[in-house]
Amino acid sequence: MAPTALNLDPAPDTRSNGFKSRHAADHAVGLDREGMTIENCERLYAQTSTTPSDVVRSVYKRIAEYTDKAVWITLVPESEALESAQQLAKQYPDPTSRPPLYGIPFSVKDSIDIAGLPTTLACPSFAYTATQTAPVVQRILAAGGILIGKTNLDQFATGLNGTRSPYGMPRCVHDEDYVSGGSSSGSVISVAAGLVAFTVATDTAGSTRVPSALNGMVGLKPTLGTISTVGLVPACKTADCITIIARTVQSTRMALKAMQAYDENDVYARDELQLSALASQPSWWDARNDCIVRYALPPSALVDAALSEPYAALFNNVVRRLPSLSFLKPVKEFEFDYTPFASANAMLYGSSIVSQRIVAFKSYLDSQGRDGLHPVIRDIFGASDGFDAVRAYEDIFTLAEYKRKAARQFRSSASPSRGGIDVLIVPSTATHPTVAEILADPIELNKRLGSFTHFVNLLDLCAVAVPVGGTWTSKNGKAMPFSITLISTPGHDQDLLELGQRLMCTSWN
């Protein structure tokens, strides 16, 4: 795949993205090496050293200069974004009374509706103009966010690599010969290139965690049913999740706080009683708990078989270092069973679950057929046919069994003495292919990218991908990030983010 030269220093600091050398105008608004983050913008606004209009002008300048033109499908006109910025400044002159995302530029994956803008799912013959804005986006706008545009994706949000779009193939920010990851391809690059502070993406089988990993970003797949999916065109309705990609854990936290809310119109939303129960769980970092996080890893044989050579070396280094961290404790191998996770992971593409994509796009397929689809997507849709109701119920029952068995592996907040883990730690993805490699092997190599991602939503777990462990060297001599994903039971999103922050601050030498 690639040379195996490794650097065990922290992952490349994508916060700068060459701002000093390539975007001298950013200094006028204070966007220095700290980069485009929510907390940095908030600090600058509090100091009154810059305004939302200054930030918007800087954002559009960087977008114009950024060489990868496949990031966006629909860009909001700069004049409209400036008008939003000016209205915010006029409405909130007092820095102490501003909403939490005041003046924060953000992007939205183009599978989520925004009134007046097309929703394409990277399929021109499917595209329509939305008449309503998704509630999650409405919440961000109400919190002061400034929409910059809608981003590219693997067509119909089907894929983990970022090459399946007629609008182009976004490339990794560290080496343009390598894939961006998908399906949230344009979304991750809009953040990793410093064009926006965060993005609203989606994750069904890894579509946030994989691209985040490949570009060194933080990718949060929250607890299912805690962010409204109304206004999202589903890929797999029972497993779809609206997500966040940001440069830092703090930005992720701030975006999550604005985005999470109960929506009675979301048929898969957790009700208010469930949300209250999740919120009342003791935190791993709470004095009521022992403040020691019990973790498990997938079997080493499975990891070795899946990972590329540089990824295996970096993950093994992480595994060796973890037990020395004071806040972590490994469980003994015989105390943890990875089987239900692996079994659920294998179900996604080999069961009737994939038929949900046919349900989601039935009207389009009935009227338009499959001729307008990307060739790879057309083949995938063809493979999703042919499952009958009997098979569907068999798969439902099988998945329920895996879900129960997986849940038993975790420590219960109701009876913490029962044992079990708090968090499962896995590689975020198995390898980082070049664009040429994916195009030569679009199905099997894409599946390999999901070696440790597919099961998370199917088993009703939450997860966050964080860049840790050092870097490896691409064939072009570029430093490339490595990432692990932290996985836990519903409601532990904040615990995962705190653990991710601690691991990102750890030296891996």
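Counting of residues starts from 1 at the beginning of each chain's written sequence and follows it residue by residue. Residue-level local features of this predicted model are given only where pLDDT is at least 70; pairs of side-chain atoms are given and counted only at 80 or more, and the full residue set underlies all totals for whole chains, interfaces and linings. Remark: hydrogens and water are excluded; side-chain values derive from all non-hydrogen atoms of the structure.

**Some remarks on the overall build of the protein chain**
Only DSSP runs of H or I with at least four residues qualify as helices, and only runs of E with at least two residues qualify as strands; both kinds are numbered from the N terminus onward. Along its length, the protein chain carries 20 helices and 14 strands. Relative to the globule expectation of 23 Å for 509 residues, the C-alpha radius of gyration of the protein chain, 22 Å, shows essentially globular dimensions. In terms of its C-alpha atoms, the protein chain occupies a principal-axis envelope of roughly 60 × 60 × 50 Å. Each residue is assigned to one of three classes by its accessible area relative to the maximum for its type, calculated with a 1.4 Å probe on protein chains only: buried under 20%, partly exposed between the two thresholds, exposed over 50%. The buried share of the protein chain, taken over its 509 residues, is 59%. By definition, residues are in contact when any of their heavy atoms lie within 4.5 Å. In the protein chain, the share of contacts with a sequence separation of at least 24, taken over all contacts with a separation of at least 6, comes to 75%. His residues and chain termini do not enter the charge count, which takes Lys and Arg as positive and Asp and Glu as negative. Positions of charges follow a simple convention, taking NZ of Lys, CZ of Arg, CG of Asp or CD of Glu. If the 45 positive side-chain charges of the protein chain are averaged to one point and the 50 negative ones to another, these points end up 3 Å apart. Here the globule rule reads 2.2 Å times residues to the power 0.38, and the radius of gyration is calculated from C-alpha atoms.

**Observations regarding the nonpolar core**
To define a nonpolar core, start from buried Ala, Val, Leu, Ile, Met, Phe, Trp, Tyr and Cys residues and group those joined through side-chain atoms within 4.5 Å. Counting 130 residues, the largest nonpolar core has Phe198, Met259, Phe341, Phe455, Ile484, Leu499 and Leu503 as its most contacted members. Setting aside residues up to four positions removed in sequence, Met259 forms contacts with Val136, Arg139, Ile140, Phe198, Val200, Ile227, Ile242, Thr243 and Ile244. Among the nonpolar cores identified, the runner-up in size contains 14 residues, and Leu121, Phe361, Val376 and Phe381 belong to it.

**Remarks on the environment of Ser326**
Inspection of the secondary structure assignment puts Ser326 in the loop between α11 (309–321) and β11 (328–330). Ser326 sits in the exposed class, given a relative accessible area of 64%. Distance from Ser326 to Ala235, taken between C-alpha atoms, is 41 Å for residues 91 residues apart in sequence.

**Points about unusual backbone geometry**
A cis amide bond, omega 5°, links Gly182 with the succeeding residue Ser183. Locating Ser183 in the fold gives a position in the loop between β6 (146–151) and α6 (185–192). Here Ala122, not a glycine, exhibits a phi torsion of approximately 60°, which is positive. Tracing the backbone through its elements, the reader meets Ala122 in the loop between β4 (118–119) and β5 (128–129). The buried category is assigned to Ala122, whose relative accessible area is 0%. A positive phi angle, near 55°, is found at Phe156, a position not held by glycine. Positionally, Phe156 belongs in the loop between β6 and α6. Residue class for Phe156 comes out buried when judged on its relative accessible area of 1%.

**What about the confidence of the model for the protein chain?**
Reading fine detail from the predicted coordinates is not recommended where pLDDT is low. Scored from 0 to 100, pLDDT reflects the predictor's confidence in each residue. Looking at the protein chain, pLDDT values average 91 and 92% of them are 70 or higher. Confidence drops under a pLDDT of 50 for residues 1–28, and excluding neighbours within four residues, the segment shows 85 contacts in the predicted structure.

**Some details on the pattern of salt bridges**
One side chain can pair with another of opposite charge once the charged atoms of both are near each other. The working definition used for a salt bridge is a side-chain nitrogen of Lys or Arg within 4 Å of a carboxyl oxygen of Asp or Glu. With the rule as written, the count across this model stands at 12 salt bridges. Arg411 is the partner of Asp422 in a salt bridge, and the nearest nitrogen-oxygen pair spans 2.6 Å. Here the residue Asp422 occupies a position in the loop between α16 (389–407) and β12 (423–427), and Arg411 occupies one in the loop between α16 and β12, the gap between them amounting to 11 residues. Judged by relative accessible area, Asp422 falls into the buried class, the value being 6%. Ionic contacts of the salt-bridge type, sharing partners, join the residues Arg253, Glu498 and Arg502 into one network.

**A short note on a nonpolar patch on the surface**
Exposure above 30% relative accessible area and the absence of a salt bridge qualify a residue for a patch, where like charges join within 9 Å and nonpolar side chains (Val, Leu, Ile, Met, Phe, Trp, Tyr) within 5 Å. In this description, accessible areas are obtained by the Shrake-Rupley approach with a 1.4 Å probe, and a residue is regarded as covered only by the protein chains that are shown. Residues Tyr393, Ile396 and Phe397 make up a contiguous nonpolar surface patch of about 370 Å² in total accessible area. Structurally, Ile396 can be placed in helix α16.

**Considerations on the packing of aromatic side chains**
Paired rings are identified among Phe, Tyr and Trp, the last through its six-membered ring, by centres lying within 6.5 Å, and are further divided according to the angle between planes into stacked (under 30 degrees), edge-to-face (over 60) and tilted (the rest). All chains considered together, the criterion is met by 23 aromatic pairs. Ring geometry for Tyr45 against Tyr102: centres 5.3 Å apart, planes inclined by 80°, an arrangement best described as edge-to-face. Here the residue Tyr45 occupies a position in helix α2 (residues 38–46), and Tyr102 occupies one in the loop between α4 (78–91) and β3 (105–109), the gap between them amounting to 57 residues. Per residue, the accessibility class of Tyr45 equals that of Tyr102, and both read buried. Ring centres of Tyr338 and Phe341 lie 5.6 Å apart, and the angle between their planes is 25°; on these two criteria the pair is classed as stacked. Each member of the pair, Tyr338 together with Phe341, is buried. Here a set of aromatic residues connected by ring pairs shows up, and it is made of Phe126, Tyr128, Phe156, Phe361, Tyr364 and Phe381. Only lysine NZ and arginine CZ atoms are considered, and such an atom sits over a ring when it is within 6 Å of the ring centre and within 35 degrees of the ring normal. Over the aromatic face of Phe327 sits the side chain of Arg502, whose NZ or CZ is 5.3 Å from the ring centroid.

**Details of the environment of Asp240**
Among the structural elements, Asp240 can be located in the loop between β8 (218–221) and β9 (241–246). Each C-alpha atom of the pair Asp240 and Gly225 lies 9.4 Å from the other, and the pair is 15 residues apart in sequence. A polar contact of 2.9 Å, which involves the side chain of Asp240, links it to the backbone nitrogen of Ala235. Pairing of N or O atoms within 3.5 Å defines a polar contact, subject to two protein rules: one partner must be a possible hydrogen donor and the other a possible acceptor, and residues neighboring in sequence count only if both atoms are side-chain atoms.

**Points about helix α20 (residues 493–504)**
The terminal C-alpha atoms of α20, which comprises 12 residues, lie 16 Å apart, in line with the 16 Å expected from a rise of 1.5 Å per residue. All of the buried residues along α20 are Asp493, Asp495, Leu496, Leu497, Leu499, Gly500 and Leu503. Given a helix with a known number of residues, its expected span is that number minus one, times 1.5 Å.

**Focus: the pairing of β6**
Within β6, 6 of the 6 residues are buried, leaving the element largely enclosed by the surrounding structure. Only strands joined by at least two bridges in the DSSP assignment are considered to pair. Note that strand β2 (residues 72–75) and β6 share 3 bridges and pair antiparallel. Of the residues in β6, the one forming a bridge with Thr74 is Lys150. By the bridge criterion, 5 bridges tie β3 to β6 in an arrangement that is parallel. Note that in β6 the partner of Lys109 across the bridge is Thr151.

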